[in-house]
Amino acid sequence: MVNKTASLKNPCFYSYWTTALENSVNAPPEAPKRKPVVICVDDEPAVLESLRIELRRALGDECLIETAEDGEDALALMSELQEEDHEIALVLSDYIMPNIKGDELLARMHQMSPNTLKIMLTGQANLEAVGNALKLAKLYRYMAKPWTPEDLKVTALEAVHSYLQDRKLDEQNYRLQLLNEQLRQANTELERVVNQQAAIIAARTAELQTANQELMHLSVTDPLTELPNRRHFDAYLRQEWLAAIRDRQPLSLILIDVDCFKAYNDHYGHHAGDLCLQQVAQVLRQGVQRPRDFVARYGGEEFVMILPNTDLGGAELVARQVQQALQDRCIVHEHSSASHCLTLSFGVTSVIPVGVDSPLELFNAADKALYDAKRQGRNRIVVNSISKSPTVPC
């Protein structure tokens, strides 16, 4: 067995780590980063000026806004910006332009800057052009002219923030790789200086890996119910939304609220309330059967289900099965206005996301259905089809 106390007193051990820490502390500060750039391309100067004004209102000083009146100018502008080490966060391009059409331009710009998000703005693009842009340029979104200022604002903010978040994650991953490399070199040096420290280093490395895994798990997990948390839900909804667009398959969402939960907490106490939420989580977890089905705690007494490749009827059936499973448990709730046992209210919606702007529209439809379920007396399922008549009480 290694004598840990004696090893830690080894002057070579202290000398190495003291030097490493001093180098870390005295490292020169990073140079200030340039603002990301948004490029607008349209052959009509009035449209370009309108885009510049609306984007400046939406983004403020967060980004630089550059314009080009045709495809060749846009390619030259991107090349010049890249030579000056600018990050190009977003390109908004018209479709009908002289020399180079919008889908071809975005495809060429994608080759130059794959991470840049692309939006096509036009009232004349056909499905083939949009398909080309999606396939060759990884089109972020298609917006029809004339756009509304609010839609442009929301789309631009979402795109820029998405780009910055991706770059931040890339930078963090890169720094983690650097730290891992430094750790590997440190381990090698420690083994050369004091071979008896090898066992301790291996153990501590394993502890760090375990801690990182635990932190990752905690960051996406609700500690009370052990269900995925809202952060995990947001990421998974975006993932399945894109899959549904790609596969042209329905995506269903169920919002669930524990009826009269405040009264339950007030009467039975917060500890009993926690146990109640854990039992509800168990019922919901058992209600999702397929590998891609997903259930999360959205917050407080609200839960949410994501059901890929499931139409409105299938989602309603899942809600009924969960409702019945909780009724079978009959968790006593003497102060509920809906029943003598604990009950749930459900807001159910489904959509094939073709022509639907964002998953927020799906969420809002489920939220509206849940609101109607509670307004109609709780302990019920209300479905809300985005493309059909809004509310059918069940």
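What counts and how
Each chain has its residues counted from 1, running along the sequence as written. This being a predicted model, a pLDDT of at least 70 is required before a residue's local features are given, and a value of 80 or more before pairs of side-chain atoms are given or counted; all residues contribute to the totals for chains, interfaces and linings. Side-chain figures throughout are based on the complete set of non-hydrogen atoms in the structure, without hydrogens or water. Any Lys or Arg side-chain nitrogen located within 4 Å of an Asp or Glu carboxyl oxygen qualifies as a salt bridge. Strands here are runs of E lasting at least two residues and helices are runs of H or I lasting at least four, both read from the DSSP assignment and numbered beginning at the N terminus. Residue burial is assigned from relative accessible area. The probe radius is 1.4 Å, only protein chains are included, and a residue is buried under 20% of its type maximum, exposed over 50%, and partly exposed in between. Residue-level confidence of the predictor is summarised by pLDDT, bounded by 0 at the bottom and 100 at the top. What makes two residues a contact is simply this: any of their non-hydrogen atoms within 4.5 Å. Any two strands with at least two DSSP bridges between them are considered paired. A right-handed crossover is one whose linking path, passing over the helix from the first strand to the second, runs clockwise when the strands point away from the viewer. Note on patches: the residues involved have over 30% relative accessible area and no salt bridge, like charges join within 9 Å, and the nonpolar side chains Val, Leu, Ile, Met, Phe, Trp and Tyr join within 5 Å. Using the Shrake-Rupley algorithm and a 1.4 Å probe, accessible areas are obtained, with residue cover drawn only from the displayed protein chains. By the counting scheme adopted, Arg and Lys are positive, Glu and Asp are negative, and His together with the chain ends is not counted. For charged residues, the charge sits on one atom: NZ in Lys, CZ in Arg, CG in Asp, CD in Glu.

A. Expanded view of the pattern of salt bridges. For the structure on display, the rule yields 16 salt bridges. Taking the shortest distance from any N to any O, the salt bridge between Glu240 and Arg292 comes out at 2.5 Å. Residue Glu240 is located in helix α9 (residues 230-247), and its partner Arg292 is located in the loop between α11 (270-287) and β7 (294-299); the two are separated by 52 residues in the primary sequence. You can call Glu240 buried: its relative accessible area is 3%. In this structure, the salt-bridge partner of Arg320 is Glu316, at a minimum N-O distance of 3.3 Å. Of this pair, Arg320 and Glu316 both sit in helix α12 (residues 312-329), four residues apart, roughly one helical turn. For Arg320, a relative accessible area of 39% gives the class partly exposed. Linked through salt bridges whose partners overlap, the residues forming this network are Arg141, Asp151 and Asp357.

B. Quick peek at the confidence of the model for the protein chain. This prediction gives the protein chain a mean pLDDT of 85; 87% of its residues lie at or above 70. The low-confidence segment residues 388-394 (pLDDT under 50) makes 18 contacts with residues lying over four places distant or belonging to another chain.

C. Broad picture of the pairing of strand β9 (residues 344-351). Taking burial as the measure, the eight residues of β9 include eight buried ones, the bulk of the element. Strand direction decides the pairing type here: β9 and strand β10 (residues 381-383), joined by three bridges, are parallel. When the bridges of β10 are listed, Gly347 appears paired with Val382. A crossover connection joins β9 to the parallel β10 through helix α13 (residues 359-375); in handedness this β-α-β unit is left-handed.

D. Representation of a negative patch on the surface within the structure. Together, Glu80, Glu83, Glu84 and Asp85 make up a region of like negative charge exposed at the surface. Relative to the helices and strands, Asp85 resides in the loop between α4 (71-83) and β3 (88-94).

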